[in-house]
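Given next are the chains, with one letter for each unit.
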Amino acid sequence: MALLQEWREYAYSEEMQNSKQGEKLWQNYFTLEQGIYEKLLSDPSEIVEGTVEELANKYEVPLSMMVGFLDGINDSLKEANPIDTMEKDTTVKLDIDLEKLYYNMVDCKAEWLYTLPQWDNLLTEERRKELYKEQKNSGTIHNENRKIGRNDPCPCGSGKKYKQCCGKK
């Protein structure tokens, strides 16, 4: 069985989704993920390459967690890795598209990642705001024919009432 399938069956199983054990797994994963991103983003000019096992050792994470990480970052790479068929000896390459990565982190609501201080040296604050707004607006449906009521949810997606958000005068 391919590593990715094993990871998904384990990490996304119903047992893991609704248990203390699953909560601990994901807390641990997010901590390890943040550590990997801190290292990757400190020198984005370096294109990291190696087998899945070598990268797990390099970033000092269990193999299964590295597989989860590779699954998560794959859509943000300039060239996708063969994650569906990868085994521990499969060579992968992390050539990151920084803007796409930032956009995808915002999409996943991974605030612990898109607020890392390393971003300050990679993308201007203005560009990060543009990408953030672009991503948030991508899910917003604009219906020009309907008037927004004061107590309706704000169309910007903030979760606040319109009168407490964009409808403030």
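Since the model is a prediction, treat every value here as computed from it, not as a measurement.

A. Highlighting the packing of aromatic side chains. What the rule picks out here adds up to eleven aromatic pairs. Ring plane angle 70° and centroid distance 5.7 Å describe the contact between tyrosine 29 and phenylalanine 30, whose orientation is recorded as edge-to-face. With a centroid separation of 6.0 Å and an interplanar angle of 70°, the aromatic rings of tyrosine 102 and tyrosine 114 are classed as edge-to-face. On the criterion of sequence distance, the pair formed by tyrosine 102 in helix α6 (residues 98-107) and tyrosine 114 in helix α7 (residues 111-114) is long-range, its members being twelve residues apart. We classify tyrosine 102 as buried; its relative accessible area is 5%. On the basis of relative accessibility, which here comes to 13%, the residue tyrosine 114 falls in the buried class.

B. Summary view of the pairing of strand β2 (residues 91-94). Burial of β2 is one-sided: the residues Val92 and Leu94 facing one way are buried, the residues Thr91 and Lys93 facing the other way are not. As paired strands, strand β1 (residues 48-51) and β2 are joined by four bridges and run antiparallel to one another. Its bridge partner lying in β2, glycine 50 is registered against valine 92.

C. The packing of helix α1 (residues 3-11) against helix α3 (residues 20-42), seen in detail. Running from N to C, α1 and α3 cross one another at 130°; their axes reach a closest spacing of 11 Å. Between α1 and α3, the angle is such that the two are oblique. Touching Trp7, Tyr10 and Ala11 of α1 are Gln21, Leu25, Trp26 and Tyr29, all from α3. Here the residues of the contact of α1 with α3 sort into six nonpolar, one polar and no charged.

D. Examining unusual backbone geometry more closely. With a phi close to 55°, glutamate 60 is a non-glycine residue in the positive phi region. Locating glutamate 60 in the fold gives a position in the loop between α4 (52-58) and α5 (63-73). The exposed category is assigned to glutamate 60, whose relative accessible area is 65%. Even without being glycine, lysine 109 reaches a positive phi, approximately 60°. Relative to the helices and strands, lysine 109 is located in the loop between α6 and α7. A relative accessible area of 62% places lysine 109 in the exposed class.

Analysis parameters
- Residues numbered from 1 in each chain as written.
- Predicted model: local features only at pLDDT ≥ 70, side-chain atom pairs only at ≥ 80, totals over all residues.
- Heavy atoms only, no water.
- Phe/Tyr/Trp six-rings, centres within 6.5 Å; stacked < 30°, edge-to-face > 60°.
- Helix = DSSP H or I, 4+ residues; strand = E, 2+ residues; numbered from the N terminus.
- Buried < 20%, exposed > 50% of the residue type's maximum accessible area, 1.4 Å probe, protein only.
- Pairing = 2+ DSSP bridges.
- Axes fitted to C-alpha atoms, helices over the stretch in contact; angles between N-to-C directions.
- Parallel < 35°, antiparallel > 145°, perpendicular 65-115°, else oblique.
- Contact = heavy atoms within 4.5 Å.
- Nonpolar A, V, L, I, M, F, W, Y, C, P; charged D, E, K, R; others polar.

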